[in-house]
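This is what each chain is made of:
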Amino acid sequence: MEARKRDDLEFEAKSLCERGDFEGAATVALKAYGAEVYTFLGTRHQDRDEADDVFAQFAEALWKSLPNFAWMSSLRTFVYAVARRTSLYHRREAHRRRQREAPLDGGSVVSRVAAAIRSTTAPLERSEVKSRIAELRAELPEEDQELLVLRVDRQLSWLELAEVLRGEGEPPLEGEALKREAARLRKRFQLVKDGLRERARREGLIPEDDDR
């Protein structure tokens, strides 16, 4: 998405929130970022039905979280942070996932948009995970897979990654603390990338002199 278009939709979503139309703002966010978040959740939940369930929970959580969003980060960063927290919560509380106190109204605009995204987004765009390099990625620890997906596939900045990957319940990072965490993630990413490249070289998947 072009930067100008992203700025426009962020302005639109923020304006809707300021008017108290959180359903409208959630709809804007889902239409803009829902498909990419759906594929991101698909990398964390390989079962299609589970991924669909988590995505539905994410749409609900996004709607409910917007009133508390202080707009200190971009909407896209916030969307990914909500998606990741929803995924973690789903895994931790799987046995309770069908007992949510206030389920999303199946007739709401937000739920209809979420359902449309699930039905029209190719499952994970899963053809991309058939290559051997993708299989090597899938063998990495989950936190390393997550870092690769968000940095390489979704192109989040290091500062955005520091916010998205913040531990649940931890206070927001600001200033130098945010920069230090971004630097730590950058070093970790380089180690993961170097290790993956070395494995790919050993299997003859990339040339020995490939330094990308």
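The shown structure was predicted, so the numbers you read here are calculated from the model rather than taken from an experiment. (Residues numbered from 1 in each chain as written. Predicted model: local features only at pLDDT ≥ 70, side-chain atom pairs only at ≥ 80, totals over all residues. Heavy atoms only, no water.)

Caption draft 1: Expanded view of the pattern of salt bridges. Enumeration over the complete set of coordinates arrives at 13 salt bridges. A salt bridge links K64 to E60; the shortest N-O distance between them is 2.8 Å. Here K64 and its partner E60 are both found in helix 3 (residues 48-65), four residues apart, which amounts to about one turn of the helix. A relative accessible area of 46% means that K64 is categorised as partly exposed. With a relative accessible area of 6%, E60 lands in the buried category. In this structure, the salt-bridge partner of D194 is R197, at a minimum N-O distance of 3.0 Å. Taken as a pair, D194 and R197 lie in helix 9 (residues 175-202) at a separation of three residues, close to a single helical turn. (Salt bridge = Lys/Arg side-chain N within 4 Å of Asp/Glu carboxyl O. Helix = DSSP H or I, 4+ residues; strand = E, 2+ residues; numbered from the N terminus. Buried < 20%, exposed > 50% of the residue type's maximum accessible area, 1.4 Å probe, protein only.)

Caption draft 2: Focus on the nonpolar core. L30, F55, F58 and L75 are the most contacted members of the largest nonpolar core, which has 53 residues in total. Every element with two or more residues in this core is listed here: helix 1 (3-18), helix 2 (22-44), helix 3, helix 4 (75-92), helix 5 (109-120), helix 7 (142-153), helix 8 (158-164) and helix 9. If you tally residues by element for this core, the top one is helix 2, at 11 residues. Apart from the residues within four sequence positions on either side, L30 is in contact with A35, F55, F58, A59, L62, V110, V113, A114 and I117. (Core = buried A, V, L, I, M, F, W, Y, C linked by side-chain atoms within 4.5 Å. Contact = heavy atoms within 4.5 Å.)

Caption draft 3: Broad picture of the confidence of the model for the chain. For the chain, per-residue confidence averages 84 on the pLDDT scale, and 86% of positions sit at 70 or higher. A low-confidence stretch, residues 126-130 (pLDDT under 50), is modelled with eight contacts involving residues beyond four sequence positions or located in other chains. (pLDDT = per-residue confidence, 0-100.)

Caption draft 4: Up close: the packing of aromatic side chains. Going through the model one piece at a time under the given rule, you end up with six aromatic pairs. When the centroid spacing of 5.3 Å and the interplanar angle of 70° are considered together, the rings of Y38 and F55 count as edge-to-face. Here the residue Y38 occupies a position in helix 2, and F55 occupies one in helix 3, the gap between them amounting to 17 residues. Note on F55: relative accessible area 0%, which makes it buried. Ring centres 5.6 Å apart and planes at 45° place the aromatic pair F55 and F58 in the tilted group. Separated by three residues within a single helix, F55 and F58 lie in helix 3, roughly one turn from each other. (Phe/Tyr/Trp six-rings, centres within 6.5 Å; stacked < 30°, edge-to-face > 60°.)

Caption draft 5: Representation of unusual backbone geometry. We note that W71 has phi near 60°; this positive angle belongs to a residue other than glycine. Summarising the element assignment, W71 is placed in the loop between helix 3 and helix 4. On the basis of relative accessible area, W71 is assigned to the buried category, the value being 18%. With phi around 60°, Q155 is a residue other than glycine that occupies positive phi space. Tracing the chain through its elements places Q155 in the loop between helix 7 and helix 8. Residue Q155 is classed as exposed on the basis of its relative accessible area of 62%.

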